[in-house]
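Report on the structure
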Amino acid sequence: MAETLGFFQAWLRSPLRVAAIAPSGRALARLITCEITRETGPVIELGPGTGAFTRALIARGVPPEDLALIEFGSEFAVALQARYPAARTLWMDAARLDTVELFDGAPAGAVVSGLPLLSIAPRKVRAILMGAFDKMRPDGAFYQFTYGPRCPVPSHLLGSLGLEAERLGGTLANLPPAAVYRLRRVSQAAPPASAPALAPALAP
């Protein structure tokens, strides 16, 4: 109850930054982390807020020391640092992710985003995605939830960054109902099929 009240108060102070009146529920936290395991490697979390996704990541086996928590809200950052001292909590704008080194330079296996992308300017969304994918392995995935009916990253922006989005699923057991998308680099095009062998020419 105290966590929910604190989240609501943060929303009252900055509704565009927080963009929800309550923390993400357990069903959404399970959905957005369902493909992540200890074997995924380091994980970057953007906008962890009160730590709903952080708890789910740890429950999935990700060690706290393999977590980088990027939080712009000072009230949330202070609480996260106290609650997860082994994780690296950075009080900063996620659009500046390219300015910091994480995990001693080792690439992350995934990024989990609690950012309200629909209320963020397109130029800033581009910077967030570029910074996130720059910190990940080539096969890394960016997980984003949304309250909207479609992927919160427009198709033209995905295309310009060489990314593709896939809907993982949705949950009604959240306030409000939400869906989760996985963003990845576009797969390399399959090589063209070999041309059929030509029949030998007939002798004159």
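Above this note sits the structure.
Residues numbered from 1 in each chain as written. Predicted model: local features only at pLDDT ≥ 70, side-chain atom pairs only at ≥ 80, totals over all residues. Heavy atoms only, no water.

Here Asn174 is to be found in the loop between strand S6 (163–171) and strand S7 (178–185). A distance of 2.7 Å separates the side chain of Asn174 from the backbone nitrogen of Gly25, its partner in a polar contact. At 2.8 Å, the side chain of Asn174 forms a polar contact with the backbone oxygen of Pro176. (Helix = DSSP H or I, 4+ residues; strand = E, 2+ residues; numbered from the N terminus. Polar contact = N/O pair within 3.5 Å; in protein donor to acceptor, adjacent residues only side chain to side chain.)

Below, the discussion takes up the layout of surface pockets. Of the volumes computed, that of the second largest pocket is approximately 180 Å³. Forming the boundary of the second largest pocket are 12 residues, of which Glu164, Arg184, Arg185, Val186 and Ser187 lie nearest the centre. Elements with a contribution of two residues or more to the lining of the second largest pocket: strand S5 (136–146), S6 and S7. Its residues assigned to classes, the lining of the second largest pocket shows three nonpolar, three polar and six charged. (1 Å grid on protein atoms, 1.4 Å probe; cavity = no way out; pocket = protein on both sides within 12 Å on 5 of 7 lines; lining within 4 Å. Points joined across faces, edges and corners; volume = space filled by probe spheres on them. Nonpolar A, V, L, I, M, F, W, Y, C, P; charged D, E, K, R; others polar.)

Let us look at the sheet that holds strand S3 (residues 88–91). For sheets, the rule is that strands pair by backbone hydrogen bonds, running either parallel or antiparallel. Strand order in the open sheet formed by seven strands is S3-S2-S1-S4-S5-S7-S6, with mixed pairing between adjacent strands. Because the sheet does not close on itself, it has two edges, and the strands there are S3 and S6. Taken pair by pair, the neighbouring strands of this sheet meet at an average axis angle of 20 degrees, ignoring direction. Of the strands in this sheet, strand S1 (43–46), strand S4 (108–113), S5, S6 and S7 touch helix H6 (residues 122–134), which is tilted by about 140 degrees from S5. (Pairing = 2+ DSSP bridges. Axes fitted to C-alpha atoms, helices over the stretch in contact; angles between N-to-C directions. Contact = heavy atoms within 4.5 Å.)

Its location among the elements puts Arg182 in strand S7. Polar contacts involving the side chain of Arg182 include one to the side chain of Glu35, which spans 2.6 Å. Those residues in contact with Arg182, other than ones at most four positions away along the chain, are Glu35, Ala141, Phe142, Tyr143, Glu164, Ala165, Glu166 and Leu168.

A separate point is unusual backbone geometry. Despite not being glycine, Phe103 shows a phi value in the positive range, around 55 degrees. Examined against the element boundaries, Phe103 turns out to sit in the loop between S3 and S4. Judged by relative accessible area, which is 19%, Phe103 ranks as buried. One non-glycine residue with positive phi stands out, namely Asp104, at about 55 degrees. By the element assignment, Asp104 lies in the loop between S3 and S4. Given the relative accessible area of 80%, Asp104 is considered exposed. (Buried < 20%, exposed > 50% of the residue type's maximum accessible area, 1.4 Å probe, protein only.)

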